[in-house]
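Coordinates in review
Each chain, letter by letter, is given below.
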Amino acid sequence: MTLGYRHFEHLLLTHCTPTLIKRKLGSMFHIEDRYSDIHDLVEYYDQLLELQGLRIKLFYTHGRYTVYVYLPSSLKFLLQDKDIQSFLKLYHYPDHNILDHLDKRLQMDQYPHEIGVFLGYPLADVWGFIHHKQCQCCGYWKVYEKKREKECLFKQYDCCKKEFILLYERGYSLSQILNEGL
């Protein structure tokens, strides 16, 4: 069974718009392992998105694929933060090849707690989740501080996502949407 370019693009727009517009470090979604064309699709869209300064990494864990779309430059910048470095050391992340270590962590646990860092969640919210703090609101992630600021951000993400999906439904390809700034 194949997934196809059109359906894969729709998944990218549905789950990754905040990253595609470079407002969020990373986004993820899962796909069942029954699609024979997933590797070809990821390779194609990785090349397409690389032109925009984005990358796609495919993980395979627990009988399904996890598609990770991210901004390498933002990830590199984030990893220079001493607090992030200290936090990731708690989970034995090396200084290099961190995505390989994330792959290992995903093998051990479908949702390792530190995954939020790779998705651009603020460290305070990642810590709040890990330590079972009182959640202030939920949106693209669980929020533990600065609720109003993040609710505003989530609304911006939602508006962009709706706009992109509307353009897509009107027949524009992902490439057209990203390249032409429609």
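Structural data are supplied above this passage.
Right, let's walk through the structure included here. Here the structure is a predicted model, which is why all the values come from computation and not from measurement. (Residues numbered from 1 in each chain as written. Predicted model: local features only at pLDDT ≥ 70, side-chain atom pairs only at ≥ 80, totals over all residues. Heavy atoms only, no water.)

Some details on the overall build of the protein chain
We apply this condition: For the purposes of this entry, the term helix denotes a DSSP run of H or I that reaches at least four residues, the term strand denotes a run of E that reaches at least two, and both are numbered from the N terminus. What the globule rule says is 2.2 Å times the number of residues to the power 0.38, and the radius of gyration is computed from C-alpha atoms. Under the scheme applied here, a residue whose accessible area is under 20% of the maximum for its type counts as buried, over 50% as exposed, and between as partly exposed, the area being computed with a 1.4 Å probe on protein chains only. Note on contacts: a residue pair qualifies if any of its non-hydrogen atoms lie within 4.5 Å across the two residues. All accessible areas in this document rest on Shrake-Rupley with a 1.4 Å probe, and a residue is counted as covered only by the protein chains that are shown.
The number of helices and strands found in the protein chain is 9 helices and 5 strands. Tracing the protein chain from N to C terminus, the helices and strands come up as α-β-α-β-β-α-α-α-α-α-β-β-α-α. On C-alpha atoms alone, the protein chain measures out to a radius of gyration of 17 Å, which is about the 16 Å that the 2.2 N^0.38 rule sets for 182 residues. Principal-axis analysis of the C-alpha atoms places the extent of the protein chain at approximately 45 × 35 × 25 Å. Expressed as a percentage of its 182 residues, the buried residues of the protein chain come to 43%. In the protein chain, of all internal contacts separated by at least 6 residues, the share reaching a separation of at least 24 is 55%. For the protein chain, the exposed surface amounts to about 10200 Å²; the carbon and sulfur share of it is 50%.

Structural notes on helix 7 (residues 123-130)
Of all the positions in helix 7, only Leu123, Asp125, Val126, Gly128 and Ile130 are classed as buried. Residues of helix 7 that are buried in the fold lie against helix 4 (82-89), helix 6 (115-118), strand 5 (142-143) and helix 8 (147-169). Residue His132 follows helix 7 closely and has a positive phi angle near 55°.

Overview of the packing of aromatic side chains
We apply this condition: Two aromatic rings, drawn from Phe, Tyr or Trp (for Trp, its six-membered ring), form a pair once their centres lie within 6.5 Å of each other, and the interplanar angle then sorts them: stacked below 30 degrees, edge-to-face above 60, tilted otherwise. Cation placement over rings: the criterion is NZ of Lys or CZ of Arg within 6 Å of the ring centroid and within 35° of the ring normal.
The full count for this structure, using the stated rule, is 15 aromatic pairs. When the ring of Tyr5 is compared with that of Tyr45, the centres are 6.0 Å apart and the planes differ by 55°; the resulting orientation is tilted. One end of the pair, Tyr5, is in helix 1 (residues 5-20); the other, Tyr45, is in helix 2 (residues 38-50), and 40 residues separate them in sequence. The class of Tyr45 is buried, set by a relative accessible area of 1%. With 5.4 Å between their ring centres and 35° between their planes, Phe8 and Tyr45 make a pair best called tilted. Residue Phe8 is located in helix 1, and its partner Tyr45 is located in helix 2; the two are separated by 37 residues in the primary sequence. There is no split in this pair, since Phe8 and Tyr45 are both buried. Members of the aromatic cluster, connected to one another through ring pairs, are Tyr5, Phe8, Phe29, Tyr44 and Tyr45. Taking the ring centre of Tyr168 as reference, the NZ or CZ of Arg6 above it sits at 3.9 Å.

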